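# Notes for the structure review
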Amino acid sequence: MASAKEKKVNTRKKKNRIISFFKDERFRLSLGGFILIFALFLTLAFVSYFFTWKNDQSFEWEKIISNSDIRVENWAGKTGAWLSSLFLNKWFGIASFSVPFLLILTGFKLIRVRLLNYGRIFRITVTGAILLSLCLGYLFSDAGGFLGSGPGGAHGYFMAEWLNAFIGKTGTAFLVIMLIFSFVLFSFKGSLSAIRNLISRLRFKKTETGIVENADKDPGSVMEEEHESGEDEKIPGEEPFEIESENETGLQDNLYDEGSKDHQQVSVKLHVKEKNPDEKSLSDDIINAHQVEDYDPTLDLPSYRFPPISLLEPYKSSESPVSKEELINNKNRIVETLANYKIQIDKITATIGPTVTLYEIVPAPGIRISKIKNLEDDIALSLSALGIRIIAPIPGRGTIGIEVPNQNPEIVSMRSVISSVKFQEAKYELPIVLGKTISNETYAVDLTRMPHLLIAGATGQGKSVGLNAILTSLLYKKHPAQLKFVLIDPKKVELTVYSKIECHYLAKLPDTEEAIITDTQKVIHTLQSLTIEMDERYDLLKEAHVRNIKEYNAKFIGRRLNPVKGHRYLPYIVVIIDEFADLIMTAGREIETPLARLAQLARAIGIHLVIATQRPTTNIITGVIKANFPSRIAFRVTSMMDSRTILDTPGANQLIGRGDMLITAGSEMIRLQCAFIDTDEIDRITEFIGSQKGYTTAHQLPEYVGDTGTESAEVDLRKRDDIFDEAARLVVQHQQGSTSLIQRKFSIGYNRAGRLIDQLEAAGIVGPFEGSKARQVLINDEYSLEQLLKEMNN
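A brief report on the enclosed structure follows. Position labels on residues start from 1 in each chain and follow its written sequence. The predicted nature of this model means local features are confined to residues of pLDDT at least 70 and side-chain atom pairs, given and counted, to a pLDDT of 80 or more, with totals for whole chains, interfaces and linings taken over all residues. Excluded from the side-chain calculation are hydrogens and water; included are all heavy atoms of the structure.

Let's shift gears to helix H26 (residues 782-793). For H26, built from twelve residues, the straight-helix expectation of 16 Å at 1.5 Å per residue is met to within 8% by its first-to-last C-alpha distance of 16 Å. Those residues of H26 that sit buried are Leu 785, Leu 788 and Leu 789. Buried residues of H26, viewed axially, fall in a sector of 100°; they line one side. Looking at H26, the residues exposed on the side facing more than 90 degrees away from the buried face are Tyr 783, Lys 790 and Glu 791. Contacts made by the buried residues of H26 are with helix H23 (724-734). Whenever a nitrogen or oxygen atom comes within 3.5 Å of another N or O atom, the pair is scored as a polar contact, on the condition that within protein one atom can donate a hydrogen and the other can accept it, and that pairs from neighbouring residues in sequence are kept only if both atoms are in side chains. Secondary structure elements are taken from DSSP: a helix is a run of H or I of four residues or more, a strand is a run of E of two residues or more, and numbering for both begins at the N terminus. The N-cap of H26, judged by a side-chain oxygen 3.2 Å from the amide nitrogen of Tyr 783 a few residues on, is Asp 781. Expected helix span is computed as 1.5 Å times (number of residues minus one). To sort residues, take the accessible area from a 1.4 Å probe on protein chains only and compare it with the maximum for the residue type: under 20% means buried, over 50% means exposed, and anything in between is partly exposed. Working note: the arc is built from the helix axis to C-beta atom directions. The contact criterion used is simple: two residues touch if any of their non-hydrogen atoms lie within 4.5 Å.

The following block contains the structure:
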């Protein structure tokens, strides 16, 4: 028995060695490199076959191998000649070029360079190659001499011949067309919607031109008819129908451009004119509605998968954080300490939290609350504990709370709060989960309602973990199409782990190499760029007649906003600044001014700020910053003054550290244990997201190059922009000299739009720079503009 067990163990070990060999990264790299080289070799042989197939076709492979005197003309030698003849002549013809393409994808996959969705592309390519071979075999059935068996190869030729004999050439043609249609329908996402939209547009156009003739005839009413003379002829006793549109500008203004996949519901109403007000309508309203599906922004990345919970560690504690003995001892000591100062209590209860236990006491009648509040240090001494905090009274309960740290604090894992029902079922726009309260409840909140967050605390007390908790919460809830991050990290080490998700979630300035912003000057430009983005979004909200981003996106998703007119889906933008103090000390007002403007105005258009600092002093957290950040988180600080700077009240100096924190949103203050997430967990999450197909680049913020209004005197009008005339007509037509207007209408960058504004100022079409206001347009009508443009062009 012993020898049999040993034999079984040895067999298992051998299997494990073999498996580990194939999983070895070196094996993957070697195999991937070999496949890539072989794919290039095969491509060379295939291309060469187009020029050498006539000469090499006469040789048989057995003779080529056995006779060294035989020479082939294929660029890849005898092996290339045989392989190209096998694939291009005997198998699939020109469609065989799919083989080296699939080999290239496989090679890159093995060396962990993911270019496309491998499984989906593999299926589409194989199916498409077989179908292409059949199509070419059918279309060129008479060109059998080309490449030996024709461009479709032997497979395509014989399949086409068999089908022609079985169902005839006409039947084969219909079958091939149906197969191509089915292939497109199943292979390319959005093809079904495109076909539906095409049919719907054709139906709507037909309805628009012939709606009177095609309407149902009610008793006593007759539709008017068009005659060859082109004149409308009234039927005796009846009045003609009047076609009315819901939009004064006509039906076509309600429709999206044919090149756009977005359409809008359009209603056409038919009314019958009445002879007199007392007479009932001859016909009810007829509404012909053209409806399409709502726009789905997540279809930009349809195969995106959210990270699974299994990427997070559970960090389960083996024992209860507070024993029954500890509870009884603490309760007795509190009662004894209060009794020493002749303070009697009627009741005491305990609520056990992950790191702190809340003891609620009900004092006897006649006891002053301030008397208990002054005994904070005495109670801490009797309990031999740090971080005692007295809440007198607890709002809404009519009790006094004494928070006592647990001897064995429990780790609140990020996994436990992410998997909680409260977070999973949250309907917030930007849900973030921070940790657990004293009563062990998961604390989740909507960032859009905060709407900005200030985080402060001493070094090593949990600030960075708190930022990671916020980022992780949003990554587990929001699709890349719905959310973008602007990450600012002056310390250059805290947020770099998120660089892997650059093409999914991050936003940056154009022509910037790194998405994680570390340079102070680039931070200034990024914040200024965000103010430009803010202004552009407010312009879009104004045109859409809505008040906030939620209403705007709801309209866009419902296809009630036209992308041809500059409208677009607006993702939320969350700006994370890890060490605000460093920026203030190096840039000062250049940082504070745009930041304050964003904090004041950006809430409605979906830009939210989260800034953190380890130096919560008054010269860092100024009155301007505090006034615009009503929601604040305080981790442990060293002094009561710092606590007052952050929270406007003491308390943060009495925390025990290691994620123990206070959060305030308005007048309410809550003590939490911040959820813990380690760097390894973040690595796994970002690796999982980064390995999926993303956008081609990070989300592009508007360009910023500083004020452009002071350089108009140096503009050379002989070197005008190509679209100068069109920009001038646009400005005069709208009577608005705005850079963002030109940028949006012509889909150009901010730099070019700024130069156009400078040229328009130099030409006397718009006035000088006036800060945040749009420039004054100096020409009132298009006739005067055309005269000016004519003179400039002469």
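Moving on from the coordinates now.
Next up on the list: the environment of Leu 778. By the secondary structure assignment, Leu 778 is in the loop between helix H25 (750-762) and H26. Note: C-alpha distance between Leu 778 and Gly 767 (eleven residues apart in sequence) is 6.4 Å. Apart from residues no more than four positions distant in its own chain, Leu 778 is found in contact with Gly 764, Ile 765, Val 766 and Gly 767.

Quick look at empty space enclosed by the protein now. Cavity and pocket criteria rest on a 1 Å grid covering protein atoms alone: a 1.4 Å probe that fits but cannot get out defines a cavity, protein on both sides within 12 Å along at least 5 of 7 lines defines an open pocket, and an atom within 4 Å of a point defines a lining residue. Grid points are joined across faces, edges and corners, and a volume is the space filled by probe spheres set on the points. Taken as a whole and judged by the stated rule, the model has three cavities of 30 Å³ or more. The volume enclosed by the second largest cavity comes to roughly 40 Å³. For the second largest cavity, the full set of lining residues is Pro 354, Thr 355, Val 356, Lys 436, Thr 437, Ile 438, Asp 660, Arg 671, Leu 672 and Gln 673. Sorting the residues of the lining of the second largest cavity by element identifies strand E8 (431-437) and strand E17 (668-674) as the ones contributing at least two each. Here the element with the most residues in the lining of the second largest cavity is E17; it accounts for three residues. Across the lining of the second largest cavity, the residue classes tally to four nonpolar, three polar and three charged. Side-chain classes are defined by residue name, with Ala, Val, Leu, Ile, Met, Phe, Trp, Tyr, Cys and Pro counting as nonpolar, Asp, Glu, Lys and Arg as charged, and the others, Gly among them, as polar.

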